[in-house]
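Tertiary structure, described
Spelled out, the chains give:
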Amino acid sequence: EAVYPLLFEVMEEYLEVCQPRLVHIGHDEWRAGGLCPRCQGRTAALFAQDVLRIHRFLRERGVGTVLWADHLTACHNRLPRSTRGKDGTWYDFPSTDGCQQVLAREAPDLLLLNWSWGLPHQEGGHPQPDEELRQLGFAQLYGNFRPDQFPDWAGRSAPPDVLGAEMSSWIGADEESLGADVLDQFLWGANLLWSRTWPAPGTMRAALAPCMSGLRQRLGADRPAP
């Protein structure tokens, strides 16, 4: 409980300075929640309670809430796992199954970033992550979007609950890393998101290749002397 006054104090300052319409509250890979004796067996409930408490704080201030969707999809972190790491440490990931119904009922206006879009669905009758979130009634964005790895953009982006995509960069913010890993993805993604013309992957790669060198130079930190 002592965490929340500090959290909300920081968030109040952020809201005052940035005046956002939406705040992304994270909550992906919610590892090892509910392992202590007081919380064991309550992981899903604790996850939902935490999201709802932050959502209520933001809603009272007229701000929407965005979060990662992996704990609401069967193919990702909703199923329990217990694995041994390379260093011999055991990692226990309790299930958060059950939180999705609570959140759908209590906070249907949550905007979910679906970064499970490329994972195969589990056996046992579970639908694909897109459809799971759709059945719960949430609007979604494809998170950690990689257009070169995304199948059937035209079909999967058509439902009204799909509002677009979000692209991430989990690398150093230097010219070489960005140019080698994500710059072409950003350009490719911009074409998918802002155009109605979606060339085949081979055509897109051929179109982007001649642009990359000049674009990297224009975005680089080094500037030619005037």
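Just above sits the structure.
As the structure is a computational prediction, the values presented were derived from the model and not from experiment.

Before going further, it helps to spend a moment on the side chain of His 55. Looking at the element boundaries, His 55 is found in helix α2 (residues 43-59). Other than its neighbours up to four places away in sequence, His 55 contacts Thr 65, Ala 107, Asp 109 and Leu 110.

Moving on to helix α4 (residues 129-136). Taken together, the buried positions of α4 are occupied by Pro 129, Asp 130, Glu 132 and Leu 133. The buried residues of α4 occupy an angular sector of 165° when the element is viewed end-on, so they sit on one face. Each element contacted by the buried residues of α4 is listed here: β5 (111-114), β6 (139-142) and α5 (153-156). At the C-terminal side of α4, Gly 137 shows a positive phi close to 95°.

Of all hydrophobic cores here, the largest spans 26 residues; its most connected members are Leu 58, Leu 72, Leu 103, Leu 110 and Leu 112. The dominant element in this core, judged by the number of residues it contributes, is α2, at eight residues. Those residues within four positions of Leu 72 in sequence are excluded, and the remaining contacts are Phe 47, Arg 78, Cys 99, Gln 100, Leu 103, Leu 112, Glu 132, Leu 133, Leu 136 and Phe 138.

What follows is about the side chain of Ser 157. Its location among the elements puts Ser 157 in the loop between α5 and β7 (162-165). Assessed through its relative accessible area of 18%, Ser 157 is described here as buried. Side-chain polar atoms of Ser 157 contact the backbone oxygen of Trp 153, separated by 2.6 Å.

Moving on to helix α3 (residues 99-106). If you check which residues of α3 are buried, you get Cys 99, Gln 100, Leu 103 and Ala 104. Projected down its long axis, α3 carries its buried residues within an arc of 130°, all on one side.

Our focus in this paragraph is the packing of helix α1 (residues 3-18) against α2. Interaxial distance between α1 and α2 falls to 11 Å at its minimum, and their mutual angle equals 40°. In terms of orientation, α1 and α2 fall into the oblique class. The hand of the α1/α2 crossing is right-handed. Two secondary-structure elements touch here, α1 through Tyr 4, Leu 7, Phe 8, Met 11, Glu 12 and Leu 15 and α2 through Asp 50, Arg 53, Ile 54, Phe 57 and Leu 58. Among the residues making up the contact of α1 with α2, the classes are represented as eight nonpolar, no polar and three charged.

Attention shifts here to the pairing of strand β3 (residues 81-84). Taken together, the four bridges between β3 and strand β4 (residues 90-93) define a ladder with antiparallel strand orientation. Within β4, the residue paired with Thr 83 across the bridge is Tyr 91. In this structure, the hairpin formed by β3 and β4 is closed by a connection of five residues, where Gly 88 is found at a positive phi of approximately 90°.

Moving on, we come to the sheet that holds strand β2 (residues 64-68). If you walk across this open sheet you meet the five strands as β1-β2-β5-β6-β7, and the pairing is parallel. Edge strands, defined here as strands with exactly one partner in the open sheet, are β1 (22-24) and β7. Direction aside, the axes of adjacent strands within the sheet are offset by 25° on average. As judged from the three bridges shared by β6 and β7, these two strands associate in the parallel manner. Within β7, the position partnered with Tyr 142 by the bridge is Ala 165.

Our focus in this paragraph is the environment of Val 182. Looking at the element boundaries, Val 182 is found in the loop between α6 (175-181) and α7 (183-194). A sequence separation of 109 residues divides Val 182 from Thr 73, and the C-alpha atoms of the two residues are 26 Å apart. If near-sequence neighbours (up to four positions away) are discounted, Val 182 is found in contact with Arg 146, Ser 168, Ser 169, Ile 171 and Ser 177.

Right, let's get into the environment of Leu 178. Structurally, Leu 178 can be placed in helix α6. Spatially, the C-alpha atom of Leu 178 lies 8.8 Å from that of Arg 216, the residues being 38 residues apart in sequence.

A separate point is the pattern of salt bridges. Between side chains of opposite charge, pairing is possible as soon as their charged atoms come close. In the structure shown here, the tally under the stated rule is eight salt bridges. Arg 53 serves as the salt-bridge partner of Glu 1, at 2.9 Å between the closest nitrogen and oxygen. Highlighted residues: Glu 1 in the segment before α1 and Arg 53 in helix α2, separated in sequence by 52 residues. Take Arg 53: its relative accessible area is 26%, and that puts it in the partly exposed class. Arg 134 is the partner of Glu 131 in a salt bridge, and the nearest nitrogen-oxygen pair spans 2.9 Å. You can see Glu 131 and its partner Arg 134 sitting in helix α4, three residues apart, about one turn around the helix. A relative accessible area of 25% means that Arg 134 is categorised as partly exposed.

What counts, and at which threshold
- Throughout this document, residue positions are counted from 1 along each chain, in the order its sequence is written.
- Totals for whole chains, interfaces and linings use all residues, but because this is a predicted model, local features are given only for residues with pLDDT of at least 70 and pairs of side-chain atoms are given and counted only at 80 or more.
- Where side-chain values are given, they derive from all heavy atoms of the structure, hydrogens and water being excluded.
- Each helix corresponds to a stretch of at least 4 residues labelled H or I by DSSP, and each strand to a stretch of at least 2 residues labelled E; elements are numbered beginning at the N terminus.
- In this description, contact between two residues means that some pair of their heavy atoms is separated by no more than 4.5 Å.
- Remark: exposure states derive from per-residue accessible area (1.4 Å probe, protein chains only) relative to the maximum for the residue type, with buried under 20%, exposed over 50%, and partly exposed in between.
- Relevant arc is that of directions from the helix axis to the C-beta atoms, nothing else.
- To qualify as a nonpolar core, a set must consist of buried Ala, Val, Leu, Ile, Met, Phe, Trp, Tyr and Cys residues joined through side-chain atoms within 4.5 Å.
- Definition of a polar contact: a pair of N or O atoms within 3.5 Å, with one able to donate and the other able to accept a hydrogen when the atoms are protein atoms, and with sequence-neighbouring residues admitted only if both atoms are side-chain atoms.
- All axes are obtained by fitting lines to C-alpha atoms, using only the stretch in contact for helices, and the reported angles, taken between N-to-C directions, cover 0 to 180 degrees.
- Angle categories are assigned with fixed cut-offs, so that under 35 degrees is roughly parallel, over 145 is roughly antiparallel, 65 to 115 is roughly perpendicular, and the rest are oblique.
- The crossing is said to be left-handed when, going from far helix to near helix, the turn is anticlockwise and less than a right angle, and right-handed when the turn is clockwise.
- Residue polarity follows a fixed list, in which Ala, Val, Leu, Ile, Met, Phe, Trp, Tyr, Cys and Pro are nonpolar, Asp, Glu, Lys and Arg are charged, and the others, Gly among them, are polar.
- Pairing between two strands is assigned when DSSP locates at least 2 bridges connecting them.
- What makes a salt bridge here is a side-chain nitrogen of Lys or Arg within 4 Å of a carboxyl oxygen of Asp or Glu, nothing more.

Coordinates in, geometry out; function isn't part of it.
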